[in-house]
Amino acid sequence: MLAACQHQTTQPEAIAPVSNRMPRNPARFLIDSASDTTVVFRGSEAHWLRVGMRANVVDPAQRDALIARVTIMSVDTARVVATITGKVSQVSASHAVLIALPEKSWWRDHRFWFGAIVGAIAGAFAGSASH
């Protein structure tokens with residue numbers, strides 16, 4: 001008991017830095033054109049793209065090394081224009097834009113409804129079998 005009451009000096013816990021890592025399955029878009037301040041790419045298949053979303057520009061030839069961070073400024077039917085907010089090196093058309101897919105709400109996720117229905121059926125079956 002005396003050993004448990006012994007005063008120990010503890011180091012303050014290190015504060016974890018905010019993670020800016022992309023998830024494992026981000027959407028990847030090829031760049032059509034790039035200037036010093038803007039990046040233009042096609043996002044016609046991705047109807048979920050919105051103004052204000054943040055993305056990363058990476059170099060596929062260097063195992064997706066970070067080149068720049070961008071913020072989407074306009075979304076059109078044919079193209080998406082993003083402003084470069086932070087740049088490591090010059091952006092070119094050989095690079096790609098990675099954008100994290102928005103998370104689905106729980107009521108829009110098919111896995112939730114599948115689990116709820118299977119659980120209700122299993123509960124009803126177990127309840128009727130116990131009588």
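You'll find the structure just up there.
Residues numbered from 1 in each chain as written. Predicted model: local features only at pLDDT ≥ 70, side-chain atom pairs only at ≥ 80, totals over all residues. Heavy atoms only, no water.

**So, the nonpolar core**
Phase 1: Formed by 20 residues in total, the largest nonpolar core has its most connected members in F41, L49, V97 and I99.
Phase 2: Counting residues per element, the ones that place at least two in this core are β1 (27-34), β2 (38-41), β3 (54-59), β4 (65-75), β5 (80-87) and β6 (96-99).
Phase 3: For this core, the element with the most residues is β4, which contributes 4 residues. (Core = buried A, V, L, I, M, F, W, Y, C linked by side-chain atoms within 4.5 Å. Buried < 20%, exposed > 50% of the residue type's maximum accessible area, 1.4 Å probe, protein only. Helix = DSSP H or I, 4+ residues; strand = E, 2+ residues; numbered from the N terminus.)

**Examining the packing of aromatic side chains**
Phase 1: Summed over all chains, the structure comprises 5 aromatic pairs.
Phase 2: The interplanar angle of 80° and the centroid separation of 5.0 Å between the aromatic rings of W106 and F112 together place this pair among those described as edge-to-face.
Phase 3: According to the relative accessible area criterion, W106 is exposed, its value standing at 53%.
Phase 4: Of the residues examined, F112 reaches a relative accessible area of 36% and is grouped as partly exposed.
Phase 5: Following the ring pairs from residue to residue traces out a cluster consisting of W106, W107, F112 and W113. (Phe/Tyr/Trp six-rings, centres within 6.5 Å; stacked < 30°, edge-to-face > 60°.)

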